[in-house]
Structure formats: C-alpha cells, structure tokens
Amino acid sequence: MCWPSLRRPWRIALLLLFTLTLLHAAPAAAADTLRTGSKRFTESYVLAEVLAQQAAPALPSPPEVRQGLGNTAIVYEALRSGGVDLYAEYTGTIALELLKGPPDMSREAMQTALARLGLGLGPALGFNDGYALAMRAADADRLGIRRLSDLAAHAQLKLGLSNEFIGRADGWPGLSARYGLPQKPTGLDHGLAYDAIAAGQIDVMDIYTTDAKIDHLGLRVLEDDRHYFPRYDAVVLYRLDVPQRFAPAWAAIGQLAGRIDEHAMIGMNARAELQGTDFATIARDFLARGKAAGASSAPRGFAAKLFGPDLGRLARQHLLLVATSVGLATLIALPLGIGVFRRPTLRALVLGATGIVQTIPALAMLAILIWLLRSIGTVPALAALTLYALLPIMRNTVTGLAEVPEGQRDAGTALGMTRGQTLRLVQLPLALPTLIAGIRTATTIAIGTATIAAFIGAGGFGERIVTGLALNDTQLLLAGALPAALLALLSEALFESLEWWLRRVSGRLP
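The paragraphs below set out a description of the structure included in this document. Everything numeric in this text was worked out from a predicted model, so none of it was measured.

**Comments concerning the overall build of the chain**
At step 1: A tally of regular secondary structure across the chain gives 23 helices and 10 strands.
At step 2: With the model as given, the accessible surface of the chain reaches about 22800 Å², and the carbon-plus-sulfur share is 61%.

In structure tokens:
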C-alpha cells in the first residue's frame, strides 16, 4: 500500500490556510444579507423572527435569522464582531450589563456610549420585560410571602435561578445584597426551572414578566418593594452601518416602534410555549393581524418535529461540521504523531497538551475561542471540534507505529529503504487499522460534541436541542438527539465496513 509523500508539510499548511480562508470569507460573501440574532429564550426567538419578517419585503435577499446564539455576552459579541446586524435587547441590560452604567441611564446617554462602540439604540418595541422572582402561590400564601423582602426570613427556601441571572451585575449578587437574602441559589436553565418549580424541586425562580407560564402554573410574582430592578424596555440594538446598508429595511423596522405591548408579547410567548407553534408562524401572524393571537392550531406531533422541513439543512450542517473538523484534525494529528513518535520527551509533551485540551468543557472552549477569534458561528465551532478530535488520532498514530514489529522495520532497512520509505511502505500500512480506529473514535466524539455548536449559531442538530431546552419541549429535544445518534450509528457502520474491506485486501479474510 503506497502513501503520499510526507516530506512536504507546506502542502498541509496551505490546505489548512485555504480552508480557514474560505470559512472567514463566508460572512463577507453574505455582506448584503441582513442577519438578526436571538438569545436562548422564547421571547428572543420570537422577536428575532418578527424583526426579520418585518424587514424581509424591503430586502433584495431573504434575511438570515441566527437563533439561540446563547446568553447576553455571546449575542452582544456577535453584534460587535459583525456576526449579526441587530437583535432585540432590553434597556436595563444595556445600561447595567453592557455599558456598566447606572440603572437609571437615559436613552441619550446609552446612545452616546453605544456610538463609541459602533452600535446604536433603535426603536422601542412597546413593552417592558423585567426581571422578577416568583414562587408557587399556594406556598406564598402559606408562608405569608408577598414581597422580595419577605424572603429574608425564610432561609430554608430553595432558589433555582438561571446561570446568567446568578452572574449578572443586575442579577442575584446585587439583589441578595439589597434585600439581605441568605439563600444559596442553584443554577438552572430557565426553561427547566418552570418544570422544577411545578414539581416542587425548587421554591423560587427568576422570571421574565412577560413569561407565558406564570399564570399557567399558578405562580406569585413577588413585589420588588425596594425597587431594585430597573425597567427593561425592549429595543432594537443594531450596528451603526445598518441604516445605510439596508435603508428601506431599517425604515420598515422603525414601523415596529410601540407596536408590541405586554399583552401581545405574553400572547406570542404563550403560543410558542403552551401551543407549540413555531416562531416563524407566530411572527407572521402578529405582523399580519397586528396582535399575538392567530388561528389556534393543534401542537405539532413528534413525527412532524422529527421530519420537519429543517431536517435536510440541519443534517448538512452537522455533517459539514463533523467531516471538516475530523479532516482538519487528521491533517494535523497524523504528521504530528509521526513526527514525535521517535522522540519520547516531545511525544509526552504533545500528547499531554492534547489531553489537557480534551478536559476543557465544550461550552468553556467555545467561549474561549469566541474571545480569541472575535467571531461566532462556524469558525469557532470547527476550531473547537478539531481540537477535541486531535487526541484520539494522535494517540492511535503513535500506538499504531509502536505496534509494528521491530523486525519488519529492520527488514525495510535491510532492503535498502530510506527511513521515509520504510515509514511509508512498511510502518504506516501495518499501523493503518489502528490509525483508522483513532479517526473512528474522533468522528464519534465530533458527532456528539457538534450538537453544542448550535449554542453559538453554527447550526446542526443541536439547533433543535437548544430550542427544545428554551421551550422545555422534550419532543423537540428528541427530534434533535435522535438524528445525531443515528448519524453516529451510520458512522460506526461505515468505519466497520472500511475495516472489513482493508482486512480483505490485506489477505486476512478469504
């Protein structure tokens, strides 16, 4: 079996450079496409669709909706880096979290501070969606709790708060200090917290005041009697070049000013969370009727979610992430493994470094790469997946070469082969099954880890999982998890067939 020459590493470098150039050029190719973004909760998903659909008739090409990018920090970074052009944000978040200003920061002061960052404050949509704490009404009545200050006398209560709220400047640290609250909260996904409070697993949770499930679950919103929380008026946060690049579309978005009141927003959230209506339909109905409620429709069943119209797109994105990252990891790890094989000290250092990378949690890795690359989406996702795929390929390369009997290596030398010829014609063919096993393991890891890429807008089956978490929709979660599991099984079957064919070609099978 003949292997291509490994004496020209510049070819590998050029291929890697070309691939990364294409990936970085992808956003530029879509410079004439308006991109709206959203955080990872129901209302943000809905508003991203409302903004996109309102702008669409005034655009030369359909807008791109980048849903569920993550928490405030990630979506804000996407806006600053050009990953999205605009998204719906809240004045309290802008003042306290983004600009680190006072809670009563005026709109004019926010405009001035944002302009220095290349951003602008667009139209106010017409509703306030503030933070609050809520608990089961029956428990509140039993314990005599009506205000936030009442919580201080009940240290036994279990608080389940979103991780973002726990860490925000306008969240738990300031709230607990203002009210002297002794409780130690547990971090929970916002959507899952509703299930937890309904099941009695937690007693108090943070809510958005336009959440649809507050009345549905019989929760009591506790009065902010010391006026800690500022107003969170929904506004459009945008890049300053948007009005020039998309003038007609920006004028259309301006027509949304004051058009969405609290009642309308609660109604749209309810359609998503309680009726299972998709975000695009909710936005379309609102824009067509000027109100939240559309014709009531039966919730989509599991089959409709599993075989939905996005299945082909998500499958292509997931396959692209996996194939590209494993391919890049192979191009890096195979030559590197060969290079360090005969150098024990260097081999230990390189394998140790890739092993440390493997221990970094996926979300932390994505956050680090977003900061380093100043980008969201495909590029940091591919970088993370490639880093995770390095260890099994490199380790198996070293192991496979070490398993080649010394006598067979010496036979090549006795035949007058150079070290490179012995490597290419003797060692690598004999180590091939072990090398393929490493690539097989890396592929399986990449298929599972690629679902996390949806948290930063890279697509794939993780999109359904992220949306299912936001809506607390188990069926949608499964509709994302099952295709990913099937892809892993197909991958295993493919590699099994390849290994069977190699054994047959090498004469180990009749």
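That covers the picture; the talk isn't over yet.
**Looking at the pairing of strand β10 (residues 233–239)**
At step 1: Counting buried positions along β10 yields six of seven residues, so the element is predominantly enclosed.
At step 2: Pairing between strand β4 (residues 119–128) and β10: five bridges, direction antiparallel. When the sheet's bridge partners are listed, A124 is paired in β10 with V235.

**Observations regarding the pairing of strand β3 (residues 86–90)**
Residues in a regular strand project their side chains so that they alternate between the two faces of the sheet.
At step 1: Of all five residues making up β3, five are buried, and the element is well covered by its neighbours.
At step 2: What you see with β3 is no split at all: L86, A88 and Y90 on one side and Y87 and E89 on the other are buried throughout.
At step 3: Alignment of strand β1 (residues 35–37) against β3, held across two bridges, turns out to be parallel. Of the residues in β3, the one forming a bridge with G37 is Y87.

**A few points about the pattern of salt bridges**
At step 1: Counted under the stated rule, the structure contains 24 salt bridges.
At step 2: Notably, a salt bridge pairs R231 with D233, separated by 2.6 Å at the nearest N-O pair.
At step 3: Residue classification places D233 among the partly exposed positions, given a relative accessible area of 21%.
At step 4: Several salt bridges converge on common partners, so that one network encompasses R35, D85, R239, D241 and R245.

**What about the environment of G191?**
At step 1: Relative to the assigned elements, G191 resides in helix α9 (residues 190–198).
At step 2: Sequence separation between G191 and G468 is 277 residues, and the spatial gap between their C-alpha atoms is 8.9 Å.
At step 3: Beyond its immediate chain neighbours, meaning those up to four positions away, G191 contacts L469, A470 and N472.

**Quick look at the side chain of T324**
At step 1: By the secondary structure assignment, T324 is in helix α16 (residues 311–340).
At step 2: Within the structure, T324 has its side chain in polar contact with the backbone oxygen of L320 (distance 2.8 Å).

**Focus: the packing of helix α21 (residues 419–449) against helix α23 (residues 474–505)**
At step 1: As a packed pair, α21 and α23 sit with axes 9 Å apart at the nearest point and diverge in direction by 175 degrees. What the angle tells us is that α21 and α23 run roughly antiparallel. In this structure, α21 contributes L432, I436, A437, I439, R440, T443, T444 and I447 to the contact, and α23 contributes A484, L487, A488, S491, E492, F495, E496, L498, E499 and L502.
At step 2: Of the residues belonging to the contact of α21 with α23, the class tally is 11 nonpolar, three polar and four charged.

**Regarding the sheet that holds strand β6 (residues 159–161)**
At step 1: As summarised here, the arrangement of the five strands in space is β7-β6-β8-β5-β9, forming an open sheet in which the pairing is mixed. The open sheet is flanked by β7 (186–187) and β9 (219–221), the only strands paired with a single partner.
At step 2: By the bridge criterion, two bridges tie β6 to strand β8 (residues 204–208) in an arrangement that is parallel. What sits directly across from L159, in β8, is V204.

**Remarks on the environment of L471**
At step 1: Mapped onto the elements, L471 comes out in helix α22 (residues 462–471).
At step 2: For L471, a relative accessible area of 10% puts it in the buried group.
At step 3: Distance from L471 to T42, taken between C-alpha atoms, is 6.4 Å for residues 429 residues apart in sequence.
At step 4: Look past the residues within four positions of L471 in its chain and what remains in contact with it is T42, K213, A272, E273 and F279.

About the criteria used
Residue numbering note: each chain is counted from 1, following its sequence as written. Where local features are concerned, this predicted model is filtered to residues with pLDDT of at least 70; where side-chain atom pairs are given and counted, the filter is 80 or more; whole-chain, interface and lining totals use all residues. Hydrogens and water molecules were not included; the side-chain quantities draw on all heavy atoms of the structure. In DSSP terms, a helix is any run of H or I states spanning at least four residues, a strand is any run of E spanning at least two, and both are numbered starting from the N terminus. Here the open area of atoms and residues is found with the Shrake-Rupley method and a 1.4 Å probe, where only the protein chains shown may cover a residue. Accessibility here uses a 1.4 Å probe with only protein chains present; expressed as a share of the type maximum, an area under 20% marks a residue as buried, one over 50% as exposed, and anything in between as partly exposed. If DSSP finds at least two bridges between two strands, the strands pair. What makes a salt bridge here is a side-chain nitrogen of Lys or Arg within 4 Å of a carboxyl oxygen of Asp or Glu, nothing more. In what follows, residue pairs with any heavy atoms lying within 4.5 Å of each other are defined as contacts. Polar contacts here mean pairs of N or O atoms no more than 3.5 Å apart (in protein, one a potential hydrogen donor and the other a potential acceptor; neighbouring residues in sequence count only if both atoms are side-chain atoms). Here, axes are lines fitted to C-alpha atoms. For helices the fit covers the stretch in contact, and angles between N-to-C directions go from 0 to 180 degrees. Note on angle classes: values under 35 degrees are labelled roughly parallel, values over 145 roughly antiparallel, values of 65 to 115 roughly perpendicular, and the remainder oblique. Gly is placed with the polar residues, together with every amino acid not listed as nonpolar (Ala, Val, Leu, Ile, Met, Phe, Trp, Tyr, Cys and Pro) or charged (Asp, Glu, Lys and Arg).

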